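One letter stands for each residue in the lines below.
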Protein chains: 2
Amino acid sequence: KNVHLLRERQKTTFDIEKLTQFIYSDYFEVDARRKLSRQAYDHPIHDTHLPLEYLDSNDYYETLVRKSIIATDEAEKLGISDSKHLMWYLGAFTEERVAFSLHLRMFVPTIVMMATDEQYQQYLELAKKFKIIGTYCQTELGHGSDLRRLETIAVFEHSSDSFIIDTPTITATKFWPGYLGRTANYVILMAQLYTNGKNCGLQPFLVQIRDFNTHEPLPGIEVGEISGRLAHEAGDNGYLRLTNVRIPRNQMLMRLANVDRNGNFTRLGDSRLVYATMLTMRVSLCAYNAILLARATTIAIRYSAVRYQGQNDKGNEMQILDYPLQQDKLFPCLATSYAFICSFSRLNQIYENVMASKPDEILQQLPDIHSLSAGLKAMTSSISERMSQICRLSCGGHGYLISSGLVGIRLILDAGCTYEGDNSVLLQQTAKYLLKMYQQCENGEELISPTVAYLKETATIFSPISNISNLEYYCKIFELRARRLIKDMYTKLLEIAASTSQSPYETFLENSIELVHIARCHMETFIIRSFYDKIKVTSDSSVQNILNQLFELFAVYTLLQNQTYDFVKFTILSADTIELLKKRYQQLCTKIRPNAVGLVDAFDFHDKELNSVLGQYDGDVYEALLERARLNPSNKTKIHPAWNNNLLSLMKERSKL
Amino acid sequence: KNVHLLRERQKTTFDIEKLTQFIYSDYFEVDARRKLSRQAYDHPIHDTHLPLEYLDSNDYYETLVRKSIIATDEAEKLGISDSKHLMWYLGAFTEERVAFSLHLRMFVPTIVMMATDEQYQQYLELAKKFKIIGTYCQTELGHGSDLRRLETIAVFEHSSDSFIIDTPTITATKFWPGYLGRTANYVILMAQLYTNGKNCGLQPFLVQIRDFNTHEPLPGIEVGEISGRLAHEAGDNGYLRLTNVRIPRNQMLMRLANVDRNGNFTRLGDSRLVYATMLTMRVSLCAYNAILLARATTIAIRYSAVRYQGQNDKGNEMQILDYPLQQDKLFPCLATSYAFICSFSRLNQIYENVMASKPDEILQQLPDIHSLSAGLKAMTSSISERMSQICRLSCGGHGYLISSGLVGIRLILDAGCTYEGDNSVLLQQTAKYLLKMYQQCENGEELISPTVAYLKETATIFSPISNISNLEYYCKIFELRARRLIKDMYTKLLEIAASTSQSPYETFLENSIELVHIARCHMETFIIRSFYDKIKVTSDSSVQNILNQLFELFAVYTLLQNQTYDFVKFTILSADTIELLKKRYQQLCTKIRPNAVGLVDAFDFHDKELNSVLGQYDGDVYEALLERARLNPSNKTKIHPAWNNNLLSLMKERSKL
Ligand SMILES: Cc1cc2nc3c(=O)[nH]c(=O)nc-3n(C[C@H](O)[C@H](O)[C@H](O)COP(=O)(O)OP(=O)(O)OC[C@H]3O[C@@H](n4cnc5c(N)ncnc54)[C@H](O)[C@@H]3O)c2cc1C
Ligand SMILES: Cc1cc2nc3c(=O)[nH]c(=O)nc-3n(C[C@H](O)[C@H](O)[C@H](O)COP(=O)(O)OP(=O)(O)OC[C@H]3O[C@@H](n4cnc5c(N)ncnc54)[C@H](O)[C@@H]3O)c2cc1C
């Protein structure tokens, strides 16, 4: 209906559907996803309640759990069995607040990976039927990043052939697990195993915490919700204290390590695999972060095409998307969304290849995929957090409304910088891996992973200006910079080792700020290369054309952001080239401008998925804003009850003073 | 009690109280502020309710309005009359959610500035007694930044000697004003005045919207709360539609413009003064932004001194404040808090000088103070927003809790980037002013404001390395950079004007990204110079010493962030110097480390003001975290009522499937 968006769509120079299909090939399965989400949105239950922002916390919780239960029913009726499809369907059904998310993403996969066949038989059926609602309990009040120091203990008791599980201190209290507070009846509990007086490290235990019939916490269990978290109320994050809770021996997940009847401990597999579910989670978080940024960008760009503000010298009001300052805010978000989707696709290919390998090969490739997924999770969450905030700012005051959808997106991304590993902690792991790879490189060893292959290259000089239109050039200069940084750091560390008595730990610590910077620069090579490799193979020329522009914008923007100095320092780019790139940046914004709305349409978000009064497809934002305000339950009465109750008389007394 | 903080405090090398007194001299009146807030915190009403995060929206609203009313009573009893003191007292009493904030900060000041003597007599008494609860209605659904296009109209009707006020379109709906939705009974309404068929621009009108006795909206008024905003629920932002509401002629505020009995319009003062209350608000927002950042920093640094995570090579657990990466997150926040407090003080001095001048002089100085306050509001809000987010991340998962206090601080700062003027819009105004000043400079005219005096300097070269320990050197290089940027831009704009037919508007637009960058660089000269001028006069040498370190850290950090390239481009700094500064940065972090807790203690925040389980003075964070979680009302029952009501039976049916 809205004429402005119509006009924008007419300007689009490429076939939107073609771009959608192209960008989402591989993992995302456009057609399946469309069908599943529409099936979910069509359910009549969604018309039975106000927008979630208007529900009080009890209704909110109840609505979402009820929807989650019904959604699993419906999914079964529809025969949705593939786990990715199931998550899409449940997500669409519950505005992505499905009460079974940790059950499906952490609890069940941990059983699949770490249970013995017997345990698998015993629990998987119960879990699949949702008789068990599980969650994953790892973090404690005192420890999150450093898992070795978790304090919850599971002590083997020979007489009863069981483990006694206990939370010996306040800091040992399990804290944060999602859906723990009021929902889960089972948990996978990470605890320090003690048997025959010896600590055998962290192991996963299956612990029932609530009665199936009454939902009452079992004896010895104190479980509750933690204090408030914005936008995560539905996540029902909980705390858990266990006082000498006894569980049978066979409730330790024993695929990777075994405790026998006599309490003898045997390691059966690589202990790093204990964290394998976190790896899977990180990979899928990269997809989620990319999609969240794409959503925020869609909302902000559509709104900016509808919003007029300020008058030009001809006396006409300006569409805010025409302000270079607005383009400077939003087009990098747009290009980065595409870049992130492509880099997730590549990460996922690598991940699937690893997982399809033989067990030893998996172990061999684990450091690479770990470093990569950790790094990409950190980059996509922190950059998307920042950019979604820019999207919110770009919508002015209205962007600050919950109903804009932007505030909620930012809050999820914010949490995503912390959960599944604090970003600074993760990037240090990526840095460590890089140093090791560089060492292998120096030692003339082969590098198995193509993602670090550039470390071996030797070219150091480019003839920059003439190459600006050669897109691969951008990949090369990012790689060159990363290589130079790693090389210099590696040399520096060697020198310190040779000339001082500092321990490697201390040296790493002392250089950790720079090392994290290097890890980021490395991840940029991965992102830009994945983006480039993807768009290289486009078959449609008008799609190709616009993707090339986006790619170049992403490269130039990333280069000009913060890091220009590196390029200058290594004389990879001259000051003249930088000035040229600044001009190029603005030219690219101008080129992309007519396709901006088409490019966000191509992300193919259903209005229900965006759930935004500013971002809806038809662009009727003002009607939506006013309508949503009128729906506010506090407007049901003309006078807020508090005034009738006693504020009015308090005021009257007051003014008599 | 907590031994870690005790140990930190023992390490402090300076007298904390002396620093507090020094940094808060001028505006903040340490002793008065302490006394007032303690009086406010001591009131027994605060013990009658759960933490605000646990109240449902009705209780939340009622509690805060009730507290606001009682607080005004108490303030009167205590004889608090100074308006700054009153705001401090009321703020402390209501966790800064006083229902009369816009009344006191916008409504009353607008009357003071724009009412005729007669109007002043008539309304001020009512307002002071809080019989009137007013707010300031300017923004509409369709327009916020561009006030000229506001659509609400006030048409003079001769026959009845009154104005007919109307909201002719959906986009004309007043949207956002604080305390409008359910609280205010009066508004200052900005509307387009029409008289004798002519539009006479935006004028302020006094409009009663609710009945004093019943609190019912008056005829022709539709008023309500807008949709949800996180952390601003108490702000009660509202919308307002008026359908042909008639008000007597004398309810237009007529000090600056008059409409007589015959509808003749006469301008009596400079029309820019219509926005004078926004100027005052912006000045005070700079103080608020600085304090909010200081609070976030206090919370994060105290927590980082108590939190241990990760193990060093000696097997000991690390205090996270000892990680260089953590220092890199937090010490810039610390230094910036100090820098912002000093720059606010300087802004406020200038502002008070202007306001104390004669009317013509005020007008003459208006562009300068406008540009300065707009620029500083933009800088302090956007940088503090970003830094408070870094503080939240630095506390890991627990930083994401509402009870950490960090999430709420960031949300207020986020809103502060938009209200009282969108930051990009404001910085463009600062840029325009700078170009004008540079032109005056080129024309050999005198520059009246000392804040732009550096534009006239001519020195261009420094001998950098030797000067690093000379603190004024930092002010100089920031000024040199800003001057070079302005000069180049000015020259470029002249060239465009000479060689093309582009309009000045188009040229400005085309260069707006760079112009905003220049405005920021200019504001940095103001901030760094204010900081330097302040610490120069410290009398205590140990205080001096630590302030020097903070100053230098601020300078080096700001320089290395993002903008290194400018300094290199203009060859103000060589690549070698930059490398030196990077080392210097880490050295400064190490130097500041032992004083970190002392430096946040010096901000002198009461625990009730921080309102944070992570930041309290005693450092007992884990007890506080668990206790706060247990208080969550959803933990009152062991089974959430929703399960008993029907989730349990739904689940049972489900698993039969
Ligand atoms: C919304 C949300 C949901 C969650 N859901 C779950 C869940 O379902 N199950 C679960 O078990 N947990 C969950 N968590 C907890 C989460 O996994 C942890 O918060 C996360 O692992 C970070 O650990 P931490 O909070 O202990 O941070 P900390 O490790 O305490 O980090 C605090 C600060 O110290 C720094 N730091 C720590 N170690 C180092 C180091 N070695 N070097 C340099 N700096 C360091 C960090 O960078 C950070 O700045 C959730 C958290 C959130 C916010
Ligand atoms: C929490 C909160 C409280 C508020 N309280 C009040 C109140 O009490 N009373 C009241 O009257 N109002 C209030 N407001 C409204 C506030 O004053 C406006 O939101 C603000 O002035 C920005 O205007 P806008 O929302 O129309 O943004 P817009 O002007 O629509 O801005 C949207 C985007 O367009 C860009 N843009 C706009 N103009 C230009 C330009 N010339 N050049 C380049 N880019 C441009 C902006 O940078 C931004 O990115 C409040 C808002 C909030 C969020």
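Because the structure is a prediction, the values reported are computed rather than measured.

**Looking at the overall build of chain A**
The number of helices and strands found in chain A is 23 helices and 13 strands. A globule of 657 residues ought to have a C-alpha radius of gyration of about 26 Å, and chain A, at 27 Å, matches this closely. With respect to the principal axes defined by its C-alpha atoms, chain A has extents near 90 × 80 × 65 Å. Expressed as a percentage of its 657 residues, the buried residues of chain A come to 62%. Taking contacts inside chain A between residues at least 6 apart in sequence as the whole, the part at least 24 apart equals 73%. Counting 71 positive and 74 negative side-chain charges, chain A places the centres of these two groups 3 Å from one another.

**Considerations on the domain arrangement of chain A**
Residues and elements named next belong to chain A. Partitioning chain A into domains gives domain 1 (1–39 + 274–446 + 470–625) and domain 2 (108–269). For domain 1 versus domain 2, the separation of C-alpha centres amounts to 36 Å. Across the contact, 12 residues belong to domain 1 and 14 residues belong to domain 2. Interface area lost by domain 1 to domain 2 is led by Val-274, Tyr-275 and Thr-277, which between them contribute 52%. Remark: the boundary between domain 1 and domain 2 carries 0 salt bridges. Contributing elements (two or more residues each) for the side of domain 1 that touches domain 2: helix 8 (276–306) and helix 11 (406–416). Taken together, the residues of the side of domain 1 that touches domain 2 break down into 9 nonpolar, 2 polar and 1 charged.

**Let's talk about the sheet that holds strand 4 (residues 174–175) of chain A**
Sheets are built from strands that pair by backbone hydrogen bonding, the pairs being arranged parallel or antiparallel. Strand order in the open sheet made by the 3 strands is 4-8-7 (chain A), with antiparallel pairing throughout. At either margin of the open sheet sits one strand with a lone partner, and together these are strand 4 and strand 7 (221–225) of chain A. As defined by bridge partners, strand 4 of chain A adjoins strand 8 (residues 238–242) of chain A across 2 bridges and the pair is classed as antiparallel. Residue pairing across strands places A:Phe175 opposite A:Tyr239, the latter belonging to strand 8 of chain A. Across the sheet, helix 22 (residues 621–631) of chain B touches strand 4, strand 7 and strand 8 of chain A, and the angle it forms with strand 8 of chain A is around 110°.

**So, the site of ligand 2**
The local shell around ligand 2 holds 30 residues, among which A:Arg307, A:Gly397, B:Thr139, B:Ser145 and B:Asp422 are the closest. Near ligand 2, the surrounding residues belong to chains A and B. At 2.8 Å, a side-chain N or O of A:Gln326 approaches an oxygen atom of ligand 2. Between ligand 2 and the protein, one listed contact pairs an oxygen atom with a side-chain N or O atom of A:Lys329 at 3.0 Å. A total of 980 Å² of accessible area belongs to ligand 2 in isolation, and the protein chains cover 92% of it. Going through the elements one at a time, helix 9 (324–355) and helix 10 (359–394) of chain A together with helix 12 (423–442) of chain B are the ones with two or more residues in the shell around ligand 2. Take the shell around ligand 2: its biggest share by element is 3 residues, from helix 12 of chain B.

**Some words on the sheet that holds strand 4 (residues 174–175) of chain B**
Read from one edge to the other, the open sheet built from 3 strands follows the order 4-8-7 (chain B), with strand pairing classed as antiparallel. Strands with a single pairing partner mark the edges of an open sheet, and in this sheet they are strand 4 and strand 7 (221–225) of chain B. By the bridge criterion, 5 bridges tie strand 7 of chain B to strand 8 (residues 238–242) of chain B in an arrangement that is antiparallel. Bridging across to strand 8 of chain B, B:Ile221 finds its partner in B:Leu242. The strands that helix 22 (residues 621–631) of chain A touches are strand 4, strand 7 and strand 8 of chain B; relative to strand 8 of chain B, the one it contacts most, it runs at about 110°.

**Some remarks on the site of ligand 1**
The environment of ligand 1 is made up of 30 residues, and the closest members are A:Thr139, A:Ser145, A:Asp422, B:Arg307 and B:Gly397. More than one chain lines the surroundings of ligand 1; the residues nearby belong to chains A and B. Residue A:Ser145 places a side-chain N or O atom 2.5 Å away from an oxygen atom belonging to ligand 1. Between a nitrogen atom of ligand 1 and a side-chain N or O atom of A:Gln428, the distance comes to 3.0 Å. Here ligand 1 has 970 Å² of accessible area as a free molecule, and 92% of this is covered by the chains. Where the shell around ligand 1 is concerned, the elements lending two or more residues are helix 12 (423–442) of chain A together with helix 9 (324–355) and helix 10 (359–394) of chain B.

**Looking at the pairing of strand 9 (residues 245–248) of chain B**
Residues and elements named next belong to chain B. On strand 9, burial follows the alternation: Val-245 and Ile-247 on one face are buried, whereas Arg-246 and Pro-248 on the facing-out side are not. Across 4 bridges, strand 3 (residues 162–166) lies against strand 9 in antiparallel orientation. In the strand pairing of strand 9, Ile-165 is matched with Val-245.

**Points about unusual backbone geometry**
Residues and elements named next belong to chain A. Despite not being glycine, Trp-176 has its phi angle at roughly 105°, a positive value. Checked against the element boundaries, Trp-176 lands in the loop between strand 4 and strand 5 (186–195). With relative accessibility at 14%, the residue Trp-176 sits in the buried group. The backbone of Asp-236 sits at a positive phi, close to 55°, despite the residue not being glycine.

**Section: helix 19 (residues 575–592) of chain B**
Residues and elements named next belong to chain B. In a regular helix each residue adds 1.5 Å, so 18 residues correspond to 26 Å; helix 19 covers 26 Å between its end C-alpha atoms and thus fits that length. For helix 19, the set of buried residues is Thr-577, Ile-578, Leu-581, Arg-584, Tyr-585, Leu-588, Cys-589 and Ile-592. Down the axis of helix 19, the buried set is contained in an arc of 140°. They therefore lie on one face. What points out from helix 19, more than 90 degrees from its buried face, is the exposed set Asp-576, Lys-583 and Thr-590.

**Focus: the pattern of salt bridges**
Applying the stated criterion across every chain yields a total of 90 salt bridges over all chains. Put simply, B:Arg584 and B:Glu552 hold a salt bridge, and the shortest N to O gap is 2.6 Å. One end of the pair, B:Arg584, is in helix 19; the other, B:Glu552, is in helix 17 (residues 541–560), and 32 residues separate them in sequence. Where salt bridges share partners, they join A:Glu385, A:Arg386, A:Arg392, A:Arg410, A:Asp414, B:Glu385, B:Arg386, B:Arg392, B:Arg410 and B:Asp414 into one cluster.

**Digging into the packing of helix 6 (residues 101–114) of chain A against helix 7 (residues 117–128) of chain A**
Two measures define how a pair of helices packs: the angle their axes make with one another and the distance between the axes. Residue and element names in this part refer to chain A. As a packed pair, helix 6 and helix 7 sit with axes 9 Å apart at the nearest point and diverge in direction by 160°. In this view, helix 6 runs roughly antiparallel relative to helix 7, as classed from their interaxial angle. Seen from above, helix 6 lies across helix 7 with left-handed handedness. Counting all contacts with helix 6, which are made through His-103, Val-108, Ile-111, Val-112 and Met-114, the residues of helix 7 involved are Gln-119, Tyr-120, Tyr-123, Leu-124 and Ala-127. Grouping the constituent residues of the contact of helix 6 with helix 7 by class yields 8 nonpolar, 2 polar and no charged.

**Overview of the relation of the copies chain B and chain A**
Overlay of chain B on chain A (RMSD 0.0 Å): rotation 180°, translation along the axis 0.0 Å. The transformation just described matches what one would write down for a two-fold rotation axis. Mapped onto chain A, 100% of the interface residues of chain B again fall at the interface, so both copies present the same surface.

**What about the interface of chain B and chain A?**
In this complex, chain B contributes 135 residues to the contact, which on the side of chain A involves 135 residues. Buried area between chain B and chain A, both sides added, is near 11800 Å², and the carbon and sulfur share of it is 58%. Scanning the region where chain B abuts chain A turns up 10 salt bridges. Linking chain B with chain A are 66 residue pairs in polar contact (both at pLDDT 80 or more), by the criterion used here. Ranked by residues supplied to the side of chain B that touches chain A, first place goes to helix 23 (residues 641–656) of chain B with 11 residues. For the side of chain B that touches chain A, the residue count by class is 52 nonpolar, 42 polar and 41 charged.

**Some points on the side chain of B:Thr451**
Residues and elements named next belong to chain B. By the element assignment, Thr-451 lies in the loop between helix 12 and helix 13 (464–467). In terms of polar contacts, Thr-451 uses its side chain to reach the side chain of Asp-368, at 3.4 Å. Side-chain polar atoms of Thr-451 contact the side chain of Ser-449, separated by 2.6 Å. Apart from residues no more than four positions distant in its own chain, Thr-451 is found in contact with Arg-346, Ile-350, Asp-368, Leu-372, His-522 and Phe-526.

Cut-offs applied
Residues numbered from 1 in each chain as written. Chains lettered and ligands numbered in written order. Predicted model: local features only at pLDDT ≥ 70, side-chain atom pairs only at ≥ 80, totals over all residues. Heavy atoms only, no water. Helix = DSSP H or I, 4+ residues; strand = E, 2+ residues; numbered from the N terminus. Rg over C-alpha atoms; globule rule 2.2 N^0.38 Å. Buried < 20%, exposed > 50% of the residue type's maximum accessible area, 1.4 Å probe, protein only. Contact = heavy atoms within 4.5 Å. Lys, Arg positive; Asp, Glu negative; His and termini not counted. Charge placed at Lys NZ, Arg CZ, Asp CG, Glu CD. Domains from an automatic or database assignment. Buried area = accessible area lost by both parts, 1.4 Å probe. Salt bridge = Lys/Arg side-chain N within 4 Å of Asp/Glu carboxyl O. Nonpolar A, V, L, I, M, F, W, Y, C, P; charged D, E, K, R; others polar. Pairing = 2+ DSSP bridges. Axes fitted to C-alpha atoms, helices over the stretch in contact; angles between N-to-C directions. Near = heavy atom within 4 Å. Polar contact = N/O pair within 3.5 Å; in protein donor to acceptor, adjacent residues only side chain to side chain. Areas by Shrake-Rupley, 256 points an atom, 1.4 Å probe, with all protein chains shown as cover. Expected span 1.5 Å × (residues − 1). Arc of directions from axis to C-beta. Parallel < 35°, antiparallel > 145°, perpendicular 65-115°, else oblique. Left-handed = near helix turned anticlockwise from the far one by under 90°. Least-squares fit on C-alpha atoms with pLDDT ≥ 70 in both.

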